[in-house]
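# A structural walkthrough
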Amino acid sequence: MNRALEPRQIDRLIQAATLVRDQAYAPHSHFYVGAALLMEDGEIVVGCNVENASYSMCLCAERVAAAAAISKGYRLWKGIAVASVGGVSPCGACRQFLSEFGLELPVVITDVIDGSYKIRSLKQLLPEAFDGSLLPTHA
Ligand SMILES: O=c1ccn([C@H]2C[C@H](O)[C@@H](CO)O2)c(=O)[nH]1
């Protein structure tokens, strides 16, 4: 299956992730992140990081976007863009969280300073992923 994103889809994702980054609540790290997920029907669902004075409770933009998509009934995703200064890759927890919904997901990692980006599949970012298939309760 060809999971490659079209140039127009990449542009839309980067634009949405960059825009929602402005909503980030990051008074502790001052590191602002936006994420945008493209659904199979073309809809885009976004999320930003949400921090807390109790640091360990901080939510990453990727997981906020993923939870929002699931809450809207979307489980089939075509790609995700993550926008930040410097273009950070999703953290390990987010990689695992996203992998629940498919390792083929293209991840567009973009730097809001110059608009540059790179694309990696989630499988590249999370090799030998734990997928729960060995759990005794797995269907
Ligand atoms: O991929 C990432 C990496 C970090 N953050 C957030 C978490 C925290 O609020 C801040 C600093 O780690 O950036 C994200 O949202 N996504």
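Residues numbered from 1 in each chain as written. Predicted model: local features only at pLDDT ≥ 70, side-chain atom pairs only at ≥ 80, totals over all residues.

### Re the UniProt feature "binding site: Zn(2+)" (unreviewed entry) in the protein
We apply this condition: UniProt positions are given in the numbering used here, feature names are shortened, and annotations may be inferred rather than shown by experiment. Counting from the N terminus, the helices are DSSP H or I runs at least four residues long and the strands are E runs at least two residues long. As a rule, residues whose C-beta atom has 12 or fewer other C-beta atoms within 10 Å are exposed, those with 20 or more are buried, and those in between are partly exposed; C-beta atoms are placed from the backbone. Two residues form a contact once the distance between their C-beta atoms, set from the backbone, is within 7 Å.
When the UniProt feature table is mapped onto this chain numbering, "binding site: Zn(2+)" (unreviewed entry) sits at Cys60, Cys91 and Cys94. Considering the C-alpha atoms alone, the annotated residues occupy 35 residues of sequence yet fold into one spot, their largest mutual distance being 8.4 Å. For Cys60, the location among the structural elements is in the loop between β2 (44–48) and α2 (61–71). On the basis of neighbour counts, which here come to 22 C-beta atoms within 10 Å, the residue Cys60 falls in the buried class. Excluding residues that lie within four positions of it along the chain, Cys60 makes contacts with Val33, Asn49, Cys91 and Cys94. When you line up the elements, Cys91 lands in the loop between β3 (77–84) and α3 (92–99). On the neighbour-count criterion, Cys91 (13 C-beta atoms within 10 Å) is partly exposed.

### Some details on the site of the ligand
Threshold: Nearness here is judged by the C-beta atom: place it from the backbone, and if it falls within 6 Å of a molecule or strand, the residue counts as near that partner. In this count, Pro and Cys sit with the nonpolar residues alongside Ala, Val, Leu, Ile, Met, Phe, Trp and Tyr, while Asp, Glu, Lys and Arg are called charged and the others, Gly among them, polar.
Surveying the vicinity of the ligand reveals 15 residues, the closest of which are Ser29, Val33, Asn49, Cys60 and Ala61. Of the residues that constitute the shell around the ligand, the class distribution is eleven nonpolar, two polar and two charged.

### A word on the UniProt feature "domain: CMP/dCMP-type deaminase" (unreviewed entry) in the protein
The positions UniProt marks with the feature "domain: CMP/dCMP-type deaminase" (unreviewed entry) are residues 8–133. For residues 8–133, the helix share is 29%, the strand share is 24%, and the end-to-end C-alpha distance is 35 Å.

### Description of the nonpolar core
Filter applied, for reference: By our criterion, buried Ala, Val, Leu, Ile, Met, Phe, Trp, Tyr and Cys residues that link up through C-beta atoms within 7 Å make up a nonpolar core.
Of all hydrophobic cores here, the largest spans 34 residues; its most connected members are Ala17, Ala35, Ala36, Leu37, Ala65 and Ile80. Elements represented by at least two residues in this core include exactly α1 (7–21), β1 (34–39), β2, α2, β3, α3 and β4 (106–111). Contact partners of Ala65, with chain neighbours within four places excluded, come to Ala35, Ala36, Leu37, Val45, Val46, Gly47 and Ile80.

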